[in-house]
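The lines below spell out each chain.
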Amino acid sequence: TSIGDDAFVLADTLTRVTMKNAADNSLTAIGDNAFNGMVVLEDLSFLADAGSLATIESSAFFGCLSATDTLEIPAAVQTIGQGAFQRCISLQSIGLSGAAALATISDGAFGNCVAASGTLEIPAAVTSIGYEAFGYCASLQSIDLSGAAALVEIGGYAFVGCTSATGPLKI
């Protein structure tokens, strides 16, 4: 039901993680540093099959430099911890629009995901976006907060360095 803290930390030769029984929707949490430093991990798409996943803890995927997929956060996720996907520098896009239960995007959660492009849509249930949560996501073209009806707090520098965002900021 959970992947514990430091479970695969620095397993720097693993290139793929597969959720063998993802259909039973039993995974509820990915712990602190669980996949931290897996620099050649290419595929984070297994998360999309984790239907009961509610929590992605701090630094869970920090520094997964080679992950190139579109990251789709599952609907049941409520919290994305501090630095959870920070320095996933090859991610092509960050998909939050289907994360209906997402309430908290913590400090630096997606910081330095420099290749992530397209429109970043913040879901309706999000109440807080942390300090530098999307800092230095330099390839994002636009940021859409218009559907974030519950949003009450945006931390300092939450979108600092999003230098390619040329479209209007939708609030």
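In this text the structure is predicted, and so the values were computed from the model without any measurement.

About the criteria used
Residues numbered from 1 in each chain as written. Predicted model: local features only at pLDDT ≥ 70, side-chain atom pairs only at ≥ 80, totals over all residues. Heavy atoms only, no water. Helix = DSSP H or I, 4+ residues; strand = E, 2+ residues; numbered from the N terminus. Rg over C-alpha atoms; globule rule 2.2 N^0.38 Å. Buried < 20%, exposed > 50% of the residue type's maximum accessible area, 1.4 Å probe, protein only. Lys, Arg positive; Asp, Glu negative; His and termini not counted. Charge placed at Lys NZ, Arg CZ, Asp CG, Glu CD. Salt bridge = Lys/Arg side-chain N within 4 Å of Asp/Glu carboxyl O. Pairing = 2+ DSSP bridges. Phe/Tyr/Trp six-rings, centres within 6.5 Å; stacked < 30°, edge-to-face > 60°.

**Looking at the overall build of the chain**
In step 1: Within the chain one finds 0 helices and 11 strands.
In step 2: Across the chain, helices and strands are ordered from the amino to the carboxyl terminus as β-β-β-β-β-β-β-β-β-β-β.
In step 3: For 171 residues, the compact-globule estimate of 2.2 N^0.38 gives 16 Å, and the C-alpha radius of gyration of the chain, at 15 Å, lies within 12% of that figure.
In step 4: On the principal axes, the C-alpha backbone points of the chain span a range of 40 × 25 × 20 Å.
In step 5: Buried residues in the chain amount to 43% of all 171 residues.
In step 6: Of the side chains in the chain, 4 bear a positive and 16 a negative charge, and the two mean positions are spaced by 9 Å.

**Re the pattern of salt bridges**
In step 1: Summed over the entire model, instances satisfying the criterion amount to 1 salt bridge.
In step 2: Among the salt bridges present, the one from Arg 16 reaches Asp 43, with a minimum N-O distance of 2.4 Å. Separated by 27 residues along the polypeptide, Arg 16 in the loop between strand S1 (2–3) and strand S2 (29–30) and Asp 43 in the loop between S2 and strand S3 (55–56) bring together distant segments of the chain.
In step 3: Classification of Arg 16 as partly exposed rests on a relative accessible area of 48%.
In step 4: On the accessibility criterion, Asp 43 (11% relative accessible area) is buried.

**Overview of the pairing of strand S10 (residues 140–144)**
In step 1: With 4 of its 5 residues buried, S10 lies for the most part within the structure.
In step 2: Relative to S10, strand S8 (residues 118–121) is paired through 4 bridges, and the arrangement is parallel. Across the sheet, Leu 120 pairs through a bridge with Ile 143, a residue of S10.

**Description of unusual backbone geometry**
In step 1: The phi dihedral of Leu 10 falls on the positive side, at around 60 degrees, and the residue is not glycine.
In step 2: Although it is not a glycine, Arg 87 sits at a positive phi angle of roughly 65 degrees.
In step 3: When you line up the elements, Arg 87 lands in the loop between strand S5 (79–80) and strand S6 (93–95).
In step 4: On the basis of relative accessibility, which here comes to 38%, the residue Arg 87 falls in the partly exposed class.

**Section: the sheet that holds S3**
In step 1: Strand order in this open sheet of 7 strands is S1-S2-S3-S5-S7-S9-S11, and the pairing throughout is parallel. Every other strand in the sheet has two partners, leaving S1 and strand S11 (153–154) as the edge strands with one partner each.
In step 2: Bridge count for S3 against S5 is 2 bridges, and the pairing is parallel. Directly across from Ile 56, in S5, lies its bridge partner Ile 80.

**A short note on the packing of aromatic side chains**
In step 1: In the structure shown here, the tally under the stated rule is 7 aromatic pairs.
In step 2: Judged by centre distance (5.2 Å) and plane angle (5 degrees), the rings of Phe 61 and Phe 85 are stacked. Here the residue Phe 61 occupies a position in the loop between S3 and strand S4 (70–72), and Phe 85 occupies one in the loop between S5 and S6, the gap between them amounting to 24 residues.
In step 3: A relative accessible area of 0% places Phe 61 in the buried class.
In step 4: Take Phe 85: its relative accessible area is 0%, and that puts it in the buried class.
In step 5: When the centroid spacing of 5.3 Å and the interplanar angle of 5 degrees are considered together, the rings of Phe 85 and Phe 110 count as stacked. On the criterion of sequence distance, the pair formed by Phe 85 in the loop between S5 and S6 and Phe 110 in the loop between strand S7 (104–105) and S8 is long-range, its members being 25 residues apart.

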